[in-house]
Amino acid sequence: MRVFVTGASGWIASGVVPELIEAGHQVVGMARSEEGAAKVKAYGAEVRMGNLDDLDSLRKGAEEADGVVHLAFNHDDFVAAGSTERAAVEMFGDVLAGTDKPFLFASGVALLKPGQLLTEEDATPFSGPQAPRGGGEQLALSYADRGIRSVSLRFAPTVHGVGDHGFIAYLVQAARQQGAAGYVGDGSNRWPAVHRDDAAKAVALALEKSAPGSVVHAIAEEGIPTREIAEAIGRRLGLPTESITAEEAQTRLGFIGMVYSGDMPASNTLTRERLGWEPTHATLLEDLNAGAYTS
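Residues numbered from 1 in each chain as written. Predicted model: local features only at pLDDT ≥ 70, side-chain atom pairs only at ≥ 80, totals over all residues. Heavy atoms only, no water.

> Can you walk me through the sheet that holds strand S7 (residues 158–160) in this structure?
Backbone hydrogen bonds are what pair the strands of a sheet, in a parallel or an antiparallel way. One open sheet holds the 3 strands; their spatial order is S7-S9-S11, and the pairing between them is mixed. The open sheet has two free edges, formed respectively by S7 and strand S11 (221–225), since each of these has just one partner strand. Across the sheet, the mean angle from the axis of one strand to that of its neighbour is 45°, orientation sign disregarded. Across 3 bridges, S7 lies against strand S9 (residues 190–195) in parallel orientation. Looking across to S9, one finds that Val159 is bridged to Val194. Along the sheet face, helix H8 (residues 226–237) touches S9 and S11 and points at about 70° away from the line of S11. (Pairing = 2+ DSSP bridges. Helix = DSSP H or I, 4+ residues; strand = E, 2+ residues; numbered from the N terminus. Axes fitted to C-alpha atoms, helices over the stretch in contact; angles between N-to-C directions. Contact = heavy atoms within 4.5 Å.)

> Would you explain the packing of aromatic side chains in this entry?
Think of a pair of aromatic rings as described by two things: how far the centres are apart, and how the planes are tilted against each other in angle. If you walk through the whole model with that rule in mind, you get 4 aromatic pairs. When the centroid spacing of 5.4 Å and the interplanar angle of 45° are considered together, the rings of Phe92 and Phe103 count as tilted. Here the residue Phe92 occupies a position in helix H4 (residues 78–96), and Phe103 occupies one in strand S5 (residues 102–108), the gap between them amounting to 11 residues. According to the relative accessible area criterion, Phe92 is buried, its value standing at 0%. With a centroid separation of 5.6 Å and 35° between ring planes, the pair formed by Phe167 and Trp191 is classed as tilted. Taken together, the residues Phe167 in helix H6 (residues 167–178) and Trp191 in strand S9 connect sequence positions 24 residues apart. For Trp191, a relative accessible area of 0% corresponds to the buried category. Put simply, the rings of Phe92, Phe103 and Tyr143 touch in pairs and so form one group of aromatic residues. We note Arg196 situated over the ring of Trp11; from NZ or CZ to the ring centre the distance is 5.0 Å. (Phe/Tyr/Trp six-rings, centres within 6.5 Å; stacked < 30°, edge-to-face > 60°. Buried < 20%, exposed > 50% of the residue type's maximum accessible area, 1.4 Å probe, protein only. Lys NZ or Arg CZ within 6 Å of the ring centre and 35° of its normal.)

Read these as layout, nothing more, since geometry by itself doesn't imply function.
In structure tokens:
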């Protein structure tokens, strides 16, 4: 396939784009800067310059492709991000309607079913333009009724590996600054995790195999107690761990503190059965213990 990938210079895409190319696909990656374009070219993909506000460039990329993998999200402006996301998803729906082409939409498992095991059969509670991310997952999945092979890619809140600058890197930085690695309450609340390269393999398989309107859980570990994460960070940094309240977590970590306080286990059973996907790379604690975030 000729695959149009948005957010092609980002962390998750740094695994996805090479994986798609290795699987024999031709990739056209969207980049919004010359630095990003250089990364995409280095992966062996073509480059289309643009961003999520540039609907003309997005439309052209989708029109010329056999499928779309939408990984981009505007992290720079959360106030406008939801409406920007929804406008892009609506445009992709209009372009791809009636083609039976795949449209893979990057979503997540965080906060969808707090305190309960989330499965691929559980619908997102967020819908409509005012919902988080503009209700993009629900909208994208509805396109199965419009002749589009739409698939939601629900990623773990932690897609880890060497080079990750996401949640775990932020927790490591906070521990250094505060002199201790914190966890909320007794630290029994659980975080799912997946290695970037395992996530990339799941995306490639989903592009080729997933049914219209289905959900894929890019989850290797269904839930790691946050106390164990804090202890691994503390060991690597030579720092103690400490229990903090949910309020303290939000004060210290902002939005990340709210997510870090949550209990969000998620299953990958149906994804493994449907796609024949088996995670094989390092676990989160193995990455932390090996110094992926502290070397």
